[in-house]
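In case you want the letters, here they are:
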Amino acid sequence: MRAIFSYGIALVIVLVLAVWMASGILVTGGKGPGNGETPLVALVEKDGGPLTSAIEDSGINNHAEQAGHVDPHLTIAQRNEENGGGLAAAPRSVRIEVVTAQNMPIEVPLRGRTKAKSAISVVAQTSGIVQTVPVRKGDTVKAGDTLCTLDQGARKLAVDQAQAAFAQAKSAFDSNAALVEKGVAPPNTTLAVEAALKGAQAQLENAQLELNRTIIKTDVAGVVSDPMTNVGTMLGMGQPCATVVELDPMLFIASVPEARIQYARVGLKADVTTITGDKAEGTVSYIAPTADDATRSFPVEIDLPNGDLKLRDGITAEAVVNVGTAPVHVLKQSVLTLDDEGVLGIRTVEAGNKVAFHPVTIIRDTREGVWVTGLPFRINVITVGQEFVQPGQVVDAKTADGEPAQS
């Protein structure tokens, strides 16, 4: 009896599973939406039968009528229409913010270093042994200060001799002039004594010039640096006595990227801050006419006044060049979006509450927001919901205070 009962239960379970599986649908892929779907019962009753009729009457396979089911045969527009999102649907609500353009300074940041305007090697113009070096490394000198003196040697004697010859020639010239005036000497004798006087004067000037060359002076102001000579050294013509580094004005050198070279021009003001905290205001004095092949940037120089010699050569520094003002809009970064072609811009609400897309160019990124150009003077920028609307779509636009958009 127990065996019959057990077999009966097993039979009931098998029948329930058979009915459940027969109520399913076999899907053959690759035939498009809604195609390739075959009820499993059709595999048993190809031409229909009592089981097929019973399943159809039960409505088990009417999936399209079930709640939440998406009919694969419908297009996206038809699905939106079916769900109340078609043309007849109410406009989507978005939040806007009215932003007006304002003139703001456009500044180009640069990173570079300071550089001495020049490093002049003060050389000897004659040969001789160094007698004195009245300066030391690090001393500040003015134009005309003496850096070295050489042994005068026979140069002083040559000057004395030339002075005596000049005095003799001058006396002869004066005597001849007096005789010609009295009519004692013929006038044609004046040419000879005048030529002798000029020759003696030229010899005196040459001797004096050679003597002056033993005193080596600087023509520029700056700081004395290596290389320097020492007392007792034999200097030949053209050999350096000392080096003078010209620090006033100081230069700031950097490179402007080719994307911003259109903003650069000589005469622009710049604020420079060194890594040591020193600040100076300068002027752009040079812009290279050609770009560097490796970096595709243009070298520039900024003159910095450095009368107190506070700025040193070779210090890392940053400069901010003011290239003028431009009408810009300050926007939150969250309102920036991309169109279908990947162009950066914003979505706005214009006349008729229609959505429009405007590409923008970012000028500067600050804590208050991004500075952008390329927009109308006054805009209704979408701040919430911009990712869910498209250009040309009519929306229900309101500000945070509930005010509607104004054209």
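Structural data are supplied above this passage.
Residues numbered from 1 in each chain as written. Predicted model: local features only at pLDDT ≥ 70, side-chain atom pairs only at ≥ 80, totals over all residues. Heavy atoms only, no water.

Visitor: I'd like a description of the side chain of T274, backed by residues and values.
Guide: Turning to its location among the elements, T274 is positioned in strand 12 (residues 269-274). Of the polar contacts made by the side chain of T274, one reaches the side chain of T276; its length is 2.8 Å. Dropping the residues within four chain positions of it, T274 is found in contact with T114, L311, I315, T316 and A317. (Helix = DSSP H or I, 4+ residues; strand = E, 2+ residues; numbered from the N terminus. Polar contact = N/O pair within 3.5 Å; in protein donor to acceptor, adjacent residues only side chain to side chain. Contact = heavy atoms within 4.5 Å.)

Visitor: Summarise the packing of aromatic side chains; cite the residues concerned and give the values.
Guide: Per the stated rule, a full pass over the model turns up 0 aromatic pairs. The ring centre of W371 lies 5.3 Å from the NZ or CZ of R364, which sits over that ring. (Phe/Tyr/Trp six-rings, centres within 6.5 Å; stacked < 30°, edge-to-face > 60°. Lys NZ or Arg CZ within 6 Å of the ring centre and 35° of its normal.)

Visitor: So what about the state of the cysteines? Which residues, and what values?
Guide: One pass over the structure, following the stated rule, counts 1 disulfide. Disulfide pairing places C148 opposite C241 at an S-S distance of 1.7 Å. Given an S-S torsion of about 85°, the disulfide between C148 and C241 has right-handed geometry. In this pair, C148 is assigned in strand 7 (residues 146-150) and C241 in strand 11 (residues 240-257), connecting sequence segments 93 residues apart. Across the pair, exposure class does not vary: C148 and C241 are buried alike. (Disulfide = S-S within 2.5 Å. Buried < 20%, exposed > 50% of the residue type's maximum accessible area, 1.4 Å probe, protein only.)

Visitor: So, the nonpolar core: which residues are in play, and what are the values?
Guide: Residues L110, F252, I302, L304 and V321 are the most contacted members of the largest nonpolar core, which totals 28 residues. Looking at this core, the elements that each hand over two or more residues are strand 4 (102-123), strand 11, strand 12, strand 13 (279-287), strand 14 (297-304) and strand 15 (316-331). A total of 6 residues in this core trace back to one element, the largest contributor, which is strand 11. If near-sequence neighbours (up to four positions away) are discounted, V321 is found in contact with I106, E107, V108, L110, L268, K269, A270, V284 and I302. (Core = buried A, V, L, I, M, F, W, Y, C linked by side-chain atoms within 4.5 Å.)

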